[in-house]
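Descriptive analysis of the structure
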Amino acid sequence: MTGRRWRQLLIIAAVLIMTFTPLNVQAASKRSKAVKAYREMLASGGWSAFSLISLDKDKIPELVAYRHQGYSSTSGNYCVYTYRKGRVVLVANMGYSFGYYKKKGVLFTVDSIVPRWGGEEYHILKNGKVNYRLIHVSSGSATGVPDGYMKANAAGTKRSGISAAKFRKLLKRATGNAKLIQSREMKFYQNTEENRNVMLK
């Protein structure tokens, strides 16, 4: 056997070893447990559609569940879930608007105070949980709601004003060069038994 052939075989063997290492098997097992738990949650009812996303880099997909309410496109509700310590956990309730930055741990929605005035809100995650929020509110004449840029705690209940430059710096640090992916660009599947069995396996 030639030296070149030996090198090819060694490369193939190395790839196979990397593919079937305990870490990869463990990651696959966690993923299987996560999608099974998502499937069971969705089967319990109440959700209209769903999608899987890669919100961070841990190999376990997050579930975006959508519940349609009323008759307009803005009458629904998006919730983001992850799988942690053997159970499905709510990451954030995003309201009727949803977007995210792939593998950056950043969620996007319109501002929860007065969305009709054009606010935007970014949920910055750490270890799978919302760490803080960046909020831009353009409230016009809305009484009691400050114009400008803010940083808030995870719940969004404590807000402090920051400069536009600080807002952009923090957002850039969190998202890098990643592109915002909004719900209209995502593939959602109707919450049927067939779709759950095909897409969540």
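Counting restarts for each chain: residues are numbered from 1 in the order of the written sequence. Local features in a predicted model are, by the rule used here, given only for residues with pLDDT of at least 70; side-chain atom pairs are given and counted only at 80 or more, and totals for whole chains, interfaces and linings are based on all residues. With hydrogens and water stripped out, all remaining heavy atoms of the structure feed into the side-chain values.

1. Quick word on the overall build of the protein chain
The secondary structure content of the protein chain amounts to 4 helices and 12 strands. Contacts in the protein chain between residues far apart in sequence, at least 24 positions, make up 39% of those at least 6 positions apart. The Shrake-Rupley method, run with a 1.4 Å probe sphere, supplies the accessible areas, and residue values consider only the shown protein chains as cover. When the accessible surface of the protein chain is summed, it comes to about 12100 Å², and 54% of that surface belongs to carbon and sulfur atoms. Numbered from the N terminus, helices here are DSSP runs of H or I no shorter than four residues, and strands are runs of E no shorter than two. By definition in these notes, contact holds between two residues if any of their heavy atoms fall within 4.5 Å.

2. Section: the sheet that holds strand β2 (residues 62-67)
Strand pairing follows a simple DSSP-based rule, namely that at least 2 bridges must link the two strands. Reading across from one edge, β4-β3-β2-β1-β12 is the order of the 5 strands in this open sheet, with antiparallel pairing throughout. The two strands at the open ends of the sheet, each matched to only one other strand, are β4 (87-95) and β12 (189-190).

3. Some details on unusual backbone geometry
Despite not being glycine, Lys 85 shows a phi value in the positive range, around 55 degrees. With respect to the helices and strands, the residue Lys 85 is situated in the loop between β3 (77-84) and β4. Taking relative accessible area as the criterion, Lys 85 reaches 81% and is therefore assigned exposed. Phi at Lys 103 is positive, roughly 60 degrees, even though this residue is not glycine. Along the chain, Lys 103 turns up in the loop between β5 (99-101) and β6 (106-109). Using a 1.4 Å probe on the protein chains alone, a residue whose accessible area is under 20% of its type maximum counts as buried, one over 50% counts as exposed, and one in between counts as partly exposed.

4. Topic: a positive patch on the surface
Each patch is built from salt-bridge-free residues with over 30% relative accessible area, joining like charges within 9 Å and nonpolar side chains (Val, Leu, Ile, Met, Phe, Trp, Tyr) within 5 Å. Salt-bridge detection follows one rule: a side-chain nitrogen of Lys or Arg within 4 Å of a carboxyl oxygen of Asp or Glu. Charged residues are defined here as Lys and Arg on the positive side and Asp and Glu on the negative side; His and the ends of the chain fall outside this count. For this purpose, a charge sits on NZ of Lys, CZ of Arg, CG of Asp or CD of Glu. Taken together, Lys 57, Lys 59, Lys 102, Lys 103 and Lys 104 make up a surface patch of like positive charges. Mapped onto the elements, Lys 102 comes out in the loop between β5 and β6.

5. What about the layout of surface pockets?
Counted as a void, the second largest pocket has a volume near 220 Å³. A pocket here means an open set of points on a 1 Å grid, computed over the protein atoms alone, that has protein on both sides within 12 Å along at least five of seven lines. A cavity is instead a set of points where a 1.4 Å probe fits but cannot get out; residues with an atom within 4 Å of a point line either one. Taken together, 13 residues form the lining of the second largest pocket, with Ile 53, Ser 54, Lys 59, Ile 60 and Pro 61 sitting closest to its centre. Class assignment of the residues belonging to the lining of the second largest pocket gives a composition of 5 nonpolar, 1 polar and 7 charged. Grid points are joined across faces, edges and corners, and a volume is the space filled by probe spheres set on the points. By the convention adopted, Pro, Cys, Tyr, Trp, Phe, Met, Ile, Leu, Val and Ala count as nonpolar, Lys, Arg, Asp and Glu as charged, and the other residues, Gly among them, as polar.

6. Remarks on the sheet that holds strand β10 (residues 159-162)
Judged by pairing direction, the sheet is antiparallel, and its 7 strands sit side by side in the order β10-β9-β8-β7-β6-β5-β11 without closing on themselves. Both outer strands of the open sheet, β10 and β11 (180-182), are each paired with one neighbouring strand and no more. Sheet twist, expressed as the mean angle between neighbouring strand axes with direction ignored, is 25 degrees. Pairing of β5 with β6 involves 3 bridges; the strand directions are antiparallel. Looking at the pairing, Gly 99 lines up with Phe 108 of β6. Only the stretch in contact is used when fitting a helix axis, every axis being a line fitted to C-alpha atoms; angles between N-to-C directions are given from 0 to 180 degrees. The strands touched by helix α3 (residues 164-175) are β5, β6, β7 (120-126), β8 (129-137), β9 (148-152) and β10; relative to β8, the strand with the most contacts, the crossing angle is about 140 degrees.

7. Regarding the nonpolar core
Side-chain atoms within 4.5 Å are what join buried Ala, Val, Leu, Ile, Met, Phe, Trp, Tyr and Cys residues into a set we call a nonpolar core. Core analysis: the biggest nonpolar cluster contains 16 residues, and Val 80, Phe 98 and Leu 107 have the highest contact counts within it. Sorting the residues of this core by element identifies β1 (49-53), β2, β3 and β4 as the ones contributing at least two each. Looking at this core, the element that brings in the most residues is β4, giving 3 residues. Other than its neighbours up to four places away in sequence, Leu 107 contacts Leu 55, Val 80, Val 91, Ala 92, Met 94, Phe 98, Gly 99, Tyr 100, Glu 121, Tyr 122, His 123 and Leu 125. The next biggest cluster of nonpolar side chains, apart from the first, holds 15 residues, and it includes Ala 34, Val 35, Leu 63 and Tyr 83.

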